[in-house]
Each structure stands twice: as C-alpha cells, then as structure tokens.
Amino acid sequence: MLCMTTTPLSPADGLRGLCGGRVHLPGDPGYDAARTPWNLAVDQRPAAVAVPHSADEVGEVVRAAVAAGLRVAPQSSGHGAGPLGEQALDDVVLVRVHELTGVTVDPDARTARVLGGTLWQEVVAAAAPHGLAAMHGSSPDVSVAGYLLGGGLSFYGRRHGVAANSLRAVELVAADGSVVRASAEENPDLFWAVRGGGGNFGVAVAFEIDLLPYPDVYAGMLLWDRERAPEVMRAWAAWTRDVPESVTTSFRVMSFPPLPDLPPFLSGRQLVVVDGAVLEDDDRAAELLTPLRELQPEMDTFGRIPAVGLTGVHMDPPTPVPAVSDHTVLADLPEEAITAYLGEIGPGTTTSLLFGELRHLGGALGRPAEGGGVASHLDGEYALFAVAVAPFPEAAAQGRADAAALCAALAPWSTGSLVLNFTETDVDPAPMYGDRWERLRSARAAADPAGVFVGHHPVG
Ligand SMILES: Cc1cc2nc3c(=O)[nH]c(=O)nc-3n(C[C@H](O)[C@H](O)[C@H](O)COP(=O)(O)OP(=O)(O)OC[C@H]3O[C@@H](n4cnc5c(N)ncnc54)[C@H](O)[C@@H]3O)c2cc1C
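From a predicted model like this one, the values you see are computed outputs, not experimental measurements.

## As for the site of the ligand
Item 1. Residues in close proximity to the ligand total 32 residues, the closest being Ser76, Ser77, Ser138, Leu153 and Ala204.
Item 2. The backbone of histidine 79 places a nitrogen or oxygen atom 3.3 Å from an oxygen atom of the ligand.
Item 3. Between the ligand and serine 143, the relevant distance is 2.8 Å, taken from an oxygen atom to a main-chain nitrogen or oxygen of the residue.
Item 4. Burial of the ligand by the surrounding chains reaches 97%, relative to a free accessible area of 940 Å².
Item 5. Breaking the shell around the ligand down by element, the ones donating at least two residues are strand 3 (71–75), helix 5 (144–149) and strand 9 (203–210).
Item 6. For the shell around the ligand, the element with the most residues is helix 5, which contributes four residues.

## Quick notes on helix 2 (residues 55–67)
Item 1. Its 13 residues place the ends of helix 2 18 Å apart at the C-alpha level, agreeing with the 18 Å of an ideal helix rising 1.5 Å per residue.
Item 2. Glu57, Val58, Gly59, Val61, Val62 and Ala65 are the residues of helix 2 that are buried.
Item 3. Those residues of helix 2 hidden inside the fold are in contact with strand 2 (48–50), strand 3, strand 4 (92–96), strand 7 (167–173) and strand 9.
Item 4. Glycine 69 occupies a position one or two residues after helix 2 and carries a positive phi of about 75°.

## Regarding the sheet that holds strand 2
Item 1. Within the open sheet, the four strands sit side by side as 1-2-4-3. Their pairing is mixed. For this open sheet the edge positions go to strand 1 (23–24) and strand 3, each flanked by a neighbour on one side alone.
Item 2. For strand 3 and strand 4, the ladder comprises five bridges, and the chain directions are parallel. Paired with alanine 73 across the bridge in strand 4 is leucine 94.
Item 3. Each of strand 2, strand 3 and strand 4 touches helix 2; the most contacted strand, strand 4, lies at about 175° to it.

## Details of the sheet that holds strand 6 (residues 111–115)
Item 1. Reading across the sheet, the five strands line up as 5-6-9-7-8 and stay open at both edges, with antiparallel pairing between neighbours. Taken across any chain shown, the strands that pair with only one partner, and hence form the sheet edges, are strand 5 (103–106) and strand 8 (179–183). Each strand axis lies, on average, 15° off the axis of its neighbour in the sheet, ignoring direction.

## Brief notes about empty space enclosed by the protein
Item 1. Under the criterion given, the structure shown has two cavities of 30 Å³ or more.
Item 2. As a volume, the largest cavity reaches approximately 180 Å³.
Item 3. Counting residues per element, the lining of the largest cavity draws most heavily on helix 12 (residues 430–433), which supplies three residues.
Item 4. Along the lines of polarity and charge, the residues of the lining of the largest cavity split into 12 nonpolar, six polar and two charged.
Item 5. Taken as a whole, the second largest cavity spans an internal volume of roughly 40 Å³.
Item 6. Taken together, Leu153, Ser154, Phe155, Thr248, Thr249, Arg359, His360 and Leu365 form the lining of the second largest cavity.

## Side note on the side chain of glutamate 57
Item 1. Tracing the backbone through its elements, the reader meets glutamate 57 in helix 2.
Item 2. The residues contacting glutamate 57, other than those within four sequence positions of it, are Cys19, Gly20, Arg22, Val51 and Pro52.

## Thoughts on the domain arrangement of the protein chain
Item 1. On domain assignment, one finds that the protein chain holds domain 1 (12–96) and domain 2 (216–422).
Item 2. The C-alpha centroid of domain 2 is placed 34 Å from the C-alpha centroid of domain 1.
Item 3. Across the boundary between the two partners, domain 1 contributes four residues, which contact seven residues of domain 2.
Item 4. Of the roughly 480 Å² buried where domain 1 meets domain 2, counting both sides, 64% is carbon and sulfur surface.
Item 5. For the domain 1 face of the interface with domain 2, the top three residues by lost area are Trp38, Leu40 and Ala41, together amounting to 85%.
Item 6. Where domain 1 meets domain 2, there are zero salt bridges.
Item 7. At the surface where domain 1 touches domain 2, the tally comes to three residue pairs in polar contact (both at pLDDT 80 or more).
Item 8. Here the side of domain 1 that touches domain 2 is composed, by residue class, of three nonpolar, one polar and no charged.

## Some details on the packing of aromatic side chains
The description of an aromatic ring pair uses the distance of the two centres, along with the angle that the planes make with each other.
Item 1. Enumeration over the complete set of coordinates arrives at nine aromatic pairs.
Item 2. Here phenylalanine 385 and phenylalanine 422 contribute two aromatic rings whose centre-to-centre distance is 4.5 Å and whose plane-to-plane angle is 20°, an arrangement assigned as stacked. Linking phenylalanine 385 in strand 17 (residues 382–389) with phenylalanine 422 in the loop between helix 11 (393–409) and helix 12, this pair joins segments that are 37 residues apart in sequence. When sorted by exposure, phenylalanine 385 lands in the same class as phenylalanine 422, which is buried.
Item 3. What links up through ring pairs into an aromatic cluster is the set Trp236, Phe251, Tyr341 and Tyr382.
Item 4. Taking the ring centre of phenylalanine 191 as reference, the NZ or CZ of arginine 195 above it sits at 3.7 Å.
Item 5. Arginine 252 extends its terminal NZ or CZ atom over the ring of phenylalanine 355, reaching a point 5.5 Å from the ring centre.

How each quantity is defined
- Residues numbered from 1 in each chain as written.
- Predicted model: local features only at pLDDT ≥ 70, side-chain atom pairs only at ≥ 80, totals over all residues.
- Heavy atoms only, no water.
- Near = heavy atom within 4 Å.
- Polar contact = N/O pair within 3.5 Å; in protein donor to acceptor, adjacent residues only side chain to side chain.
- Areas by Shrake-Rupley, 256 points an atom, 1.4 Å probe, with all protein chains shown as cover.
- Helix = DSSP H or I, 4+ residues; strand = E, 2+ residues; numbered from the N terminus.
- Expected span 1.5 Å × (residues − 1).
- Buried < 20%, exposed > 50% of the residue type's maximum accessible area, 1.4 Å probe, protein only.
- Contact = heavy atoms within 4.5 Å.
- Pairing = 2+ DSSP bridges.
- Axes fitted to C-alpha atoms, helices over the stretch in contact; angles between N-to-C directions.
- 1 Å grid on protein atoms, 1.4 Å probe; cavity = no way out; pocket = protein on both sides within 12 Å on 5 of 7 lines; lining within 4 Å.
- Points joined across faces, edges and corners; volume = space filled by probe spheres on them.
- Nonpolar A, V, L, I, M, F, W, Y, C, P; charged D, E, K, R; others polar.
- Domains from an automatic or database assignment.
- Buried area = accessible area lost by both parts, 1.4 Å probe.
- Salt bridge = Lys/Arg side-chain N within 4 Å of Asp/Glu carboxyl O.
- Phe/Tyr/Trp six-rings, centres within 6.5 Å; stacked < 30°, edge-to-face > 60°.
- Lys NZ or Arg CZ within 6 Å of the ring centre and 35° of its normal.

Next up, the structure:
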C-alpha cells in the first residue's frame, strides 16, 4: 500500500502570490534574507514576511493576514527590531515596507510627503536643494517611520522639539485594509496616538512633515583620547547646564576594535567624543564652543556644513550591524553620576561597550508642544544609551551585561522614564508614557479593537 505524508499548510500559505510574489514563508529560499533586519543581532522568525511596493499591496496583505487569523507587524529598516525579536512571532506577518519609498518636497509650504519605508537620507537629500532640512536623527539610514512614530531625537531637538511634532499627517493601512488619514483635523485621537505610540495603529504608508529653514548648520565633533574623559565629561556636564536651546550635543566614551575598515583615528582607539549642532551664526557658535575647545581636542570638525551633512557628524555605522543595548533617562549629571559613569567605562576600565552615550535633552525637547501627540516632549535632562557590538551570542551576553551595568550605575539619577526610540529590549512600555498611558491604550482599542497590529513596544 502506498503511504503518502503531506506537510500541513501554514495559515500564512494563503498570502503566497501577494505583493507580486514577495511574500516569504519559513523554508522558502527568500525567507532568511527577507526577515533579516538592520540590527543583525536580532533573530526574528515570523509566520511570513511580505515586502509590498504600494499602499494597495499593504492593504491586500493586511486583509489576507486577518482572514487567516494572523497578526501584522510593520517594519521599515529594522533598526529598532530588538524588542520584536524577543516576541513570539509565529502568528505574525512581518510587513517590511523598506521598498515603499519616495519623497516629494513642497518648498513653498516647507513640507514633504514621504512614503512609508523611506530612509532619512532620502528626505534630507530631497530637501537640501530647496535650502531646507528635516528633523532626522543621528543616522542617515534610519527610517522616517519608526523614528517619527517613536518620537524622534534630533540634533535640531533642543530648539525645535521632538521630531514627531513635525508630523502634519500620516496615512495608515488599518486592520480592514483601508487607508486611514490622521491629522489635526482628521481622526485627531489617532493622530495624537501615532506621534509616539509606535507601530500599534496600522502600517504607515505615507507621512506629511514640516521641514526646517536650514540650508547649512554649524556642526561637527570634538575628539580626545579616553584618558581625558574625566575632565571632558565634567566640562560637558557643566556646559550643558548653561548652553542655550540652540545647542544640541551628545557625549560619548567610545572603544573601537582594531579594524582595517575604520579610519586610523578610530581603529583600536578608546576615545571621548562630543558632537552635535549649534544653530547660531559662526561667531556665536564658536563663542559657545569655547569652554570645550579650551580642552584642546585632538580633532575638531565643528564648522559650517551643508545641512545634508548633519547625518554624518555622529559617525553612525553606514551598514547593518549586530548590536545590543540598554537605556535610561537621567534627571541630572552631578559629580557622583560622572564618577559612576567613569567607573564603568572611563580610563582604566575594561568594557565590551562600543559606547556609552549621553544625549542632552531639555530645551524644547522638555516642553509639551501645543497640539502635540503622546510623545510631544521628553522628561529628564540626559538620555543614556549604552551599545555593544554583538556578532555572536557570547558577545551579546557580555554586551547586554555591560550595558545593564552602566545603566544600573546611573540608576540613582534615573527619572524612571524611557525614550521609546532608545529602548531596544522588550520592556513594559508604560514608563515611556507616564500619565498618558491610559489615553494611549484607549486610542489603541479604538483604532485596532481586534489587536491586529504588533508594535515593537506593544500598547494594549
Ligand atoms: C545607529 C542608530 C542610530 C539611531 N539614532 C537615533 C537618533 O538620533 N534619534 C532617535 O530618536 N532614534 C535613533 N535611533 C533609534 C531609532 O529611531 C529607532 O530604532 C527606530 O525605531 C528606527 O525606526 P526604523 O523604522 O528605522 O526601524 P524599524 O525597526 O523598522 O521600526 C521600529 C518599529 O517602528 C514601527 N514601524 C516601523 N515602520 C513602520 C511603518 N511603516 N508603519 C507602522 N509602524 C512602523 C514598528 O513598530 C517597528 O517595529 C537610532 C538607532 C540606531 C540603530
């Protein structure tokens, strides 16, 4: 007797053929490449990965996923994939919109329409010929979507606030596959929620954003050997207490392995770096930087550059990287906190961390914006972001431990809040939102009552 066995069909099999065949299931030849995010340390294994090229294709995928009893996780570049990778995704279709890209600038209105998977570098390049800039973060290849839906911390931030405040409208594919527009006038509760509430409300397929009138900026970095960390950190901490809102900078102690791909000033070096932007004329900017320049940095690149160059000053990696991290927000940086930081990562210590970064908050970042969304401002004075490169599991474990130890050492000065964009582990998201959490949960229940959408920080 002939005995035949068949593999039972997965619920996601019904999605095959959508998106012109760009739907990949486990076992398919394209599955591993399609599920690999920018953060190569994240091993996300969804029921299927779909790569739509249009809002219509996103709608088809969402409808088919819901009909098959599956949930939907939107993703663009995968920079923020960490928390999603820690969740069980076997009933989830990952909708990767990184091929749904494009920017149209309206120079008179000083706005841009940006498609859902576009990277910031594309926006910046489209705005620059019109003498305009955008509220991007430190990295050119982070996507507009995850960054803006998570709030967005920019080197324009202390003057112009949280980047999500620059959103005028967003178009989302909802759980029934239709496109819903949210703005101050249309679906205002949804508009409030998406400006910081992450990917819990639908798949964003287009954004309308305000642009800034900066053809050029005074920006750059100052660099010293790590031996100078104590005096530079004390000077930066004192300086950031007094600088005007036109100044947004970060402070990092960094350790680079000896790698031939790195420039000699970085390869095998342990360094202190202060970088960012000063939105002033050249004379005033130079005057403001004097206390740091008096510490005679080994390298000083601060000067006037085209605004398009601001995505380069932080030296973020130009290609995907395996990384792990930890994060906390500090209310202050007194002498005891500086000592605690240096005890983990300063001269004479051994650490697996690539860097322990402090972003200066405050100014417009700290003030609720009129008509703003759920993340229209950030509590605290400094955001600490500790990152290690993690090419294999043991390195990831050591990196997580060292990042956690740095955050723990600074815990006495923590506000207890979190910046969503810098929270790369699957933690309780409520502290990110404080007293806005219940309103955010209600907005989620109204927009997605069946819980179809899976944000990397679930609101539920
Ligand atoms: C090197 C580096 C530098 C960074 N610099 C900064 C910085 O300067 N300032 C700052 O604020 N943050 C910064 N970040 C953090 C970054 O903003 C977050 O990781 C953000 O989530 C990345 O967005 P993404 O779309 O590129 O990533 P993704 O991993 O694709 O998206 C993250 C989440 O956003 C949601 N999402 C993404 N796309 C969509 C969509 N189309 N529709 C609906 N939801 C969507 C989903 O919930 C998704 O899980 C940095 C991160 C890295 C790795």
